[in-house]
Amino acid sequence: MNPTPAERVAAILRDEFAAHGVCLPDVRADLSDARQPRLELGTVPLGTGFALLRVLTDYQRLLKAEKAGGRPPAFGP
């Protein structure tokens, strides 16, 4: 069975956090409402706040650029 878009996003987030040295196995897609899937983030290990902020900021910039129809911003410092 193919993963849903929400499940793919959860897998991407796990990979992004792993790239920052953070293991978050408890990121999952809540598919109870098919029209509005949500991502659920379980327990976050101590010390992951900066990695969480960095990844979410990158995704926010990417989504904003995608909605504007422009080129995605460059990631990184």
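All values derive from a computational prediction rather than experimental measurement.

Participant: Looking at this model, I keep getting lost on the overall build of the chain. Mind explaining?
Facilitator: Assigned secondary structure in the chain consists of two helices and two strands. Sequence-ordered secondary structure for the chain, helices as α and strands as β, is α-β-β-α. Within the chain, the proportion of its 77 residues that are buried is 18%. Sequence separation of 24 or more characterises 32% of the internal contacts of the chain that already satisfy a separation of 6 or more.

Participant: Help me understand the packing of helix α1 (residues 5-19) against helix α2 (residues 49-68) in this model?
Facilitator: Between two packed helices, the angle of one axis relative to the other and the distance separating the axes together describe the packing. Put simply, α1 and α2 touch, their axes get as near as 10 Å, and they point 130° apart. As far as their axial angle goes, α2 and α1 are oblique. The two elements α1 and α2 meet at a crossing, and its hand is right-handed. Packed against α1, whose contacting residues are Ile-12, Leu-13, Glu-16 and Phe-17, the element α2 presents Ala-51, Leu-52, Val-55 and Tyr-59 at the interface. Residues belonging to the contact of α1 with α2 are distributed by class as follows: seven nonpolar, no polar and one charged.

Here is what the cut-offs are and how they apply
- Residues numbered from 1 in each chain as written.
- Predicted model: local features only at pLDDT ≥ 70, side-chain atom pairs only at ≥ 80, totals over all residues.
- Heavy atoms only, no water.
- Helix = DSSP H or I, 4+ residues; strand = E, 2+ residues; numbered from the N terminus.
- Buried < 20%, exposed > 50% of the residue type's maximum accessible area, 1.4 Å probe, protein only.
- Contact = heavy atoms within 4.5 Å.
- Axes fitted to C-alpha atoms, helices over the stretch in contact; angles between N-to-C directions.
- Parallel < 35°, antiparallel > 145°, perpendicular 65-115°, else oblique.
- Left-handed = near helix turned anticlockwise from the far one by under 90°.
- Nonpolar A, V, L, I, M, F, W, Y, C, P; charged D, E, K, R; others polar.

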